[in-house]
Amino acid sequence: MKSISIEYYKSPCGELILGSLSDELVLCDWRYRRMRFAIDKRIKVRAGAEYVEESSSTIELAKAQLNEYFAGGRKVLDVPLRSIGTDFQKSVWEQLQMVPFGQTATYLDLAQAMGKPESVRAVANANGANALSIFVPCHRIIGSNRALVGYAGGLQAKRKLLDLENESQSELPLIA
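The residue numbers shown here count from 1 along each chain, following its written sequence. Per-residue local features are limited, in this predicted model, to residues with pLDDT of at least 70; the limit for side-chain atom pairs, both in listing and counting, is 80 or more; totals at the level of whole chains, interfaces and linings are taken over all residues. Remark: hydrogens and water are excluded; side-chain values derive from all non-hydrogen atoms of the structure.

1. A word on the pattern of salt bridges
Pairing between side chains of opposite charge can happen when the charged atoms of each approach one another.
Here comes step 1: When a carboxyl oxygen of Asp or Glu is within 4 Å of a side-chain nitrogen of Lys or Arg, the pair counts as a salt bridge. Throughout the structure, instances matching the rule amount to 10 salt bridges.
Here comes step 2: Between K63 and E7 there is a salt bridge, with the nearest N and O atoms lying 2.4 Å from each other. Here K63, found in helix α2 (residues 57-70), pairs with E7, found in strand β1 (residues 2-11); they are 56 residues apart in sequence, far enough to count as distant. Note on accessibility: K63 and E7 belong to one class, buried.
Here comes step 3: Note that R74 and D78 form a salt bridge whose closest N and O atoms lie 3.7 Å from each other. Numbering goes from the N terminus for both helices and strands, where a helix is a DSSP run of H or I of at least four residues and a strand is a run of E of at least two. Burial here depends on accessible area, computed with a 1.4 Å probe over protein chains only, as a share of the maximum for the residue type. Under 20% is buried, over 50% is exposed, and the range in between is partly exposed.

2. Thoughts on the environment of L161
Here comes step 1: Position of L161 relative to the elements: it lies in helix α6 (residues 155-165).
Here comes step 2: Under the relative-accessibility criterion, L161 is labelled buried at 0%.
Here comes step 3: With 24 residues separating them in the primary sequence, L161 and P137 have C-alpha atoms 9.6 Å apart.
Here comes step 4: Ignoring anything within four residues of it in the chain, the contact list for L161 reads C13, W30, Y69, F70, I134, H139 and Y151. Whether two residues touch is decided by their heavy atoms; if any such pair falls within 4.5 Å, the residues are in contact.

3. As for the sheet that holds strand β4 (residues 49-53)
Here comes step 1: Pairing between strands is defined by DSSP: at least two bridges between them are needed. Ordered by their spatial adjacency, four strands build an open sheet running β3-β2-β1-β4, and the pairing between neighbours is mixed. Edge positions in the sheet fall to β3 (24-30) and β4, since each of these pairs with one other strand and no more. Sheet twist, expressed as the average angle between the axes of neighbouring strands with direction ignored, equals 30°.
Here comes step 2: Relative to β3, strand β2 (residues 14-21) runs antiparallel, the two sharing six bridges. Opposite L18, over in β3, you have C28 as the bridge partner.
Here comes step 3: Inter-axis angles, ranging from 0 to 180 degrees, are taken between N-to-C directions of lines fitted to C-alpha atoms, where helices are fitted over the stretch in contact. Where helix α1 (residues 36-47) meets the sheet, it contacts β1, β2, β3 and β4, and its direction lies at approximately 170° from that of β3.
Here comes step 4: Packed onto the sheet, α2 meets β1, β2 and β3 and runs at close to 20° relative to β1.

4. Overview of the packing of helix α3 (residues 87-96) against helix α5 (residues 120-128)
Here comes step 1: The interhelical angle for the contact between α3 and α5, taken along N-to-C directions, is 80°, at an axis separation of 9 Å. On the basis of their axis angle, the class for α3 and α5 is roughly perpendicular. On the side of α3, the interface is formed by F88, Q89, V92, W93 and L96, while α5 contributes A122, V123, A126 and N127.
Here comes step 2: Each residue belonging to the contact of α3 with α5 can be placed in one class, and the counts come to seven nonpolar, two polar and no charged. Convention used here: angles under 35 degrees read as roughly parallel, angles over 145 as roughly antiparallel, angles from 65 to 115 as roughly perpendicular, and any remaining angle as oblique. Classification convention: Asp, Glu, Lys, Arg as charged; Ala, Val, Leu, Ile, Met, Phe, Trp, Tyr, Cys, Pro as nonpolar; all other residues, Gly among them, as polar.

Okay, structure coming up:
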C-alpha cells in the first residue's frame with residue numbers, strides 16, 4: 001500500500017497537518033477541525049494509501065512557503081497540489097484558487113462563476129470539505145452579508161488569515 005507522508009505544522013493561526021503523496025501536497029488542513037476523521041478517510045480511501053508520520057521534500061517546501069506567507073513575504077503558494085475528492089468538489093476547489101490574494105468572494109460568487117448559481121449549498125459543502133487550506137484559499141469565502149462565516153480552522157483563524165492578506169478585512173463581523 002502507498003503511504004502519505006504527514007507532518008504537523010504550528011502556524012500563527014493554529015496547528016495544521018501537512019501531507020504529501022509522491023511529489024504533491026494532498027493535505028494542509030486544520031488538525032483539530034470537526035470533520036477531521038471524514039477528511040482523512042476520504043483522502044486515504046481515494047488515494048489507496050495510509051498516513052505515515054515522516055517528512056518529505058514536498059512537505060518541507062510547503063512549510064517554507066507557509067513560513068514566508070505568514071511572515072508577509074509570499075502572496076502566491078505554488079507547491080504542486082493534488083486535490084482528492086469528487087469531480088464537483090475538485091471544480092469548486094479550482095474555482096477557489098481563482099480568488100486573488102487579499103480579496104474575498106461569496107459562495108454565490110463561486111456558484112455563479114461555475115455556471116451553477118442554483119448550487120450555492122453544494123458549493124458551500126465542497127468548500128468546507130477542502131483539505132488543502134491556505135493553498136486552496138477557502139478562507140477567502142465569506143457570507144453574502146459580507147460577514148465571516150464557517151471555517152474549518154475557526155473564525156479567529158479565518159480573520160487572522162484575511163487580516164494578513166488585507167488589513168481592511170478586519171472590519172468584517174464574526175457570525176458563528
